[in-house]
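Summary of structural features
Single-letter residue listing:
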Amino acid sequence: MSPELAFILTLGLRMAITAAFVVTASIITERSGPVIGALVATLPISAGPSYVFLALDHDAAFIAEGALASLPINAATIFLGLTYVVLAQRHGALVSCVAAVAVWFGLAAIIRSVQWSLADGLIVNAIAFGICVPLLARYRHARMPPIRRRWYDIPLRASLVATLVATVVTTSSWVGPKVSGMIALFPIVFTSMMLILHPRIGGPPTAAVLANSAWGLIGLGIAIAVLHVAALQFGSAIGLSLALATCVGWNLSLWWLGRRKVARAKPQV
């Protein structure tokens, strides 16, 4: 087998694996309501596979530096969410999504021009979430109507995430870890939700999913910080495992706290 063919087959396999993760998670999101859907959407179902494939091609230092670039990008994602949530109350999917993505790219351009440290990334996340979480609170509750899936849903989601993975994998060697880390954290799951759910169920219910995602994104930011530190200390495999455990543990804790809050709110018989 020629090296070119081996590369194409390997890339295709990576794209297919990641697309399967994202499609499965998005279907769960649609069927679970805005709260559970938000917890699923904020798991590293697109960034995680991208980093795994980067780790197969690069050393731990590359992964650690990429995570350092991903950390402030997580703050840009919450502003993307806020922009969409506010606009989706009165505007259509295209206007709301394009404006939100434009905000993300604008912030990403600023972030790329700065040399970030771990402390800087954590501080900018704290500031971003301190601003956005209170503003998103009023949009968290909306009735989720029944969703009728259309023929293009799965192909669209699969093609979006497969394109992201292909971009990360094929460009990582010449764009370097900083840009690779930024691309890996592009909010492909949020974007696909905007484009698919909004036309079907309306802006407010779709916005409710993204509004509920704010607390989950906090856990994702912590997981990225863990990846940066652990990859340097213990290598990529352990770093990625600890980051995933952090993210899953955080979201399970949010789910458990939510269940307790609902149980306490129920009247005692």
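Scoring rules and cut-offs
Residues numbered from 1 in each chain as written. Predicted model: local features only at pLDDT ≥ 70, side-chain atom pairs only at ≥ 80, totals over all residues. Heavy atoms only, no water. Helix = DSSP H or I, 4+ residues; strand = E, 2+ residues; numbered from the N terminus. Buried < 20%, exposed > 50% of the residue type's maximum accessible area, 1.4 Å probe, protein only. 1 Å grid on protein atoms, 1.4 Å probe; cavity = no way out; pocket = protein on both sides within 12 Å on 5 of 7 lines; lining within 4 Å. Points joined across faces, edges and corners; volume = space filled by probe spheres on them. Phe/Tyr/Trp six-rings, centres within 6.5 Å; stacked < 30°, edge-to-face > 60°.

**Details of the environment of Gly 249**
- Position of Gly 249 relative to the elements: it lies in helix α9 (residues 236-265).
- Given a relative accessible area of 30%, Gly 249 falls into the partly exposed group.
- C-alpha of Gly 249 to C-alpha of Ala 223: the two residues are 26 residues apart in sequence and 10.0 Å apart in space.

**Side note on the layout of surface pockets**
- Taken as a whole, the second largest pocket holds about 370 Å³ of empty space.
- If you trace the second largest pocket, you find 22 residues lining it, with Pro 44, Ala 47, Gly 48, Pro 49 and Leu 244 closest to the centre.
- Counting only elements with at least two residues in the lining of the second largest pocket, the list comes to α2 (47-57), α3 (60-88), α8 (203-234) and α9.
- The element that contributes the greatest number of residues to the lining of the second largest pocket is α9, accounting for six residues.

**Some details on the packing of aromatic side chains**
- Tallied over the full model, the rule gives three aromatic pairs.
- Measuring from ring centre to ring centre gives 5.1 Å for Trp 104 and Phe 105, while their planes differ by 90°; the resulting arrangement is edge-to-face.
- Residue Trp 104 is classed as buried on the basis of its relative accessible area of 4%.
- Between Trp 104 and Phe 186, the aromatic rings sit 4.9 Å apart at their centres with planes inclined by 85°, giving edge-to-face as the arrangement. Here Trp 104, found in helix α4 (residues 93-112), pairs with Phe 186, found in the loop between α6 (153-184) and α7 (188-201); they are 82 residues apart in sequence, far enough to count as distant.

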